[in-house]
Amino acid sequence: MSGSGRGLPRRALIVRYGEISLKGRNRGAFEQRLRDDLAWFLKAHGHAYAEIEVERGRIYVRGVDGAPDLRQVLGVYSYSPALEIERDYGRLQEEAARFFPAIRASRDFRVSCQRIAKDFRPDSMGVERELGTLIEKNTGTPVRLQEPAFELHVEIGHRRIYLFTEKTRGFGGFPVGSAGRLVSLLSGGIDSPVATFLMMKRGVLPVLLHFSHSDEETAKVRRLRDRLQEYAAGHELPLTVLPHADLFQGRLGDLLATRLEPYVCVVCKYRMHKAAAELAMREGALGVITGDNLAQVASQTLKNLYASRAAATLPVYSPLIAFEKNETMALAREIGTYEISVAPAAGCTPPRNPKTGVDEARLLKVLDEVGLR
Ligand code: ATP
Ligand code: MG
């Protein structure tokens, strides 16, 4: 191995992805996208690196500067900052000394070894036992296999060995854009940004559509877009903002203000679905995302969702449909949209007595009358 290890040891990142769900030819395309997204992210956040290499089930970023937070790269299942050394057992025993101070300061420790390259000797158990004994002797800290205070991980790769102590969970999923495009109906509320994020995590590139009541609300939705954009690895999230008043043109507005007030929310959603489907056709998007949550508000009864989606000519995806509100809020906090969503901004004022069971036939008849079906 002499000569091939020049510049070692050096800092590296081990990036893990959900390889189990990847089959056949998809695997190569997925790995290439994730590799590109990691490269974009590291560059955008000012972390220089020497190279990125894909090995089965792993991506190694070699010679990396600083400590990047890779949770923002969708498709990353977990990652670890690591020390990369030559693939040589003698070197491993020497380099383990770097961890002596931290292990001395701990109550107990263990060595956990994963051997990706099965040709390496000793095997994982052997490495754990021998290295454990060596460290115990040198530091006076005892080995403890169950819940140790300090865990030194050794990963034996095909070309190098990696030493690390932490594993940070990412959001998993797939690189943004790998699945295709959907239009996302984005309000300034808590739910739709979370729904959009969940679909991004499955590889969707969202094309955002917002109906705005005020400049304040528009500014808020732009901030939400910017936050979601941070997870998009450089792919632009287009945002279309239209005046909310456009949904209720002419006679429809008058009708809703008088006879049909309890229908307002369902008519509003119907008109939004119509506009979303039209935008989707223009953008080559294959469906629409909403933040709908069953029974949360009057317009989200099964009957009202049914009626308002009469306008939906493409599939509608609502990943939060069965979430509890606190699950959605926890996720909103985690991805950083919550603080933006709860800021006050003039939005819609729902009617006092919204109808929870709008009849679809009646709704369509009214829309026919005003020529907006
Ligand atoms: P959110 O928290 O996302 O606003 P919600 O639970 O408050 O959702 P509604 O306000 O009834 O429920 O909205 C249901 C869905 O309709 C939203 O999640 C969003 O997808 C879409 N929507 C609502 N208002 C707008 C808007 N002004 N512009 C675009 N889409 C909207
Ligand atoms: Mg809302």
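Rules used throughout
- Residues numbered from 1 in each chain as written.
- Chains lettered and ligands numbered in written order.
- Predicted model: local features only at pLDDT ≥ 70, side-chain atom pairs only at ≥ 80, totals over all residues.
- Heavy atoms only, no water.
- Pairing = 2+ DSSP bridges.
- Helix = DSSP H or I, 4+ residues; strand = E, 2+ residues; numbered from the N terminus.
- Contact = heavy atoms within 4.5 Å.
- Axes fitted to C-alpha atoms, helices over the stretch in contact; angles between N-to-C directions.
- Parallel < 35°, antiparallel > 145°, perpendicular 65-115°, else oblique.
- Left-handed = near helix turned anticlockwise from the far one by under 90°.
- Salt bridge = Lys/Arg side-chain N within 4 Å of Asp/Glu carboxyl O.
- Buried < 20%, exposed > 50% of the residue type's maximum accessible area, 1.4 Å probe, protein only.
- Domains from an automatic or database assignment.
- Buried area = accessible area lost by both parts, 1.4 Å probe.
- Nonpolar A, V, L, I, M, F, W, Y, C, P; charged D, E, K, R; others polar.

Peer 1: Which residues make up the sheet that holds strand 10 (residues 204-212), and what are the values?
Peer 2: Spatial ordering of the open sheet is given by 11-10-9-12-13, a layout of five strands whose pairing is parallel. Here the strands that pair on one side only, and so sit at the sheet edges, are strand 11 (239-243) and strand 13 (316-317). Lying on the sheet, helix 5 (residues 191-201) is in contact with strand 9 (180-185), strand 10, strand 12 (288-289) and strand 13; it crosses strand 10 at an angle near 165°. Seen against the sheet, helix 6 (residues 215-229) touches strand 10 and strand 11 and runs at an angle of roughly 170° to strand 10.

Peer 1: So, the packing of helix 8 (residues 264-283) against helix 12 (residues 360-369): which residues are in play, and what are the values?
Peer 2: It is at 11 Å that the axes of helix 8 and helix 12 come closest, and there the two elements cross at 70°. Between helix 8 and helix 12, the crossing angle belongs to the class labelled roughly perpendicular. Like other packed secondary-structure pairs, helix 8 and helix 12 cross with a definite hand, here right-handed. Taking contact as the criterion, the partners of Val-266, Val-267, Tyr-270 and Arg-271 in helix 8 are, on helix 12, Leu-363, Leu-364 and Leu-367.

Peer 1: I'd love a proper account of the pattern of salt bridges, names of residues and values included.
Peer 2: With the rule as written, the count across this model stands at 25 salt bridges. For the salt bridge of Asp-108 with Arg-107, the shortest nitrogen-to-oxygen distance reads 3.1 Å. Judged by relative accessible area, Arg-107 falls into the exposed class, the value being 56%. Among the ionic pairs, Lys-365 bridges to Glu-369, the shortest N-O distance being 4.0 Å.

Peer 1: Summarise the domain arrangement of the chain; cite the residues concerned and give the values.
Peer 2: As assigned here, the chain comprises domain 1 (10-169) and domain 2 (180-370). Here the C-alpha centre of domain 2 lies 43 Å away from the C-alpha centre of domain 1. Every contact between the two is made by six residues of domain 1 and, on the other side, eight residues of domain 2. Taken together, the two surfaces of domain 1 and domain 2 that pack against each other cover about 660 Å², and 60% of this comes from carbon and sulfur. Three residues, Trp-40, Gln-72 and Leu-74, lead the burial of domain 1 against domain 2; their summed loss comes to 74% of the area buried on that side. Seen at the junction of domain 1 and domain 2, the total is zero salt bridges. For the side of domain 1 that touches domain 2, the per-class residue count stands at two nonpolar, one polar and three charged.

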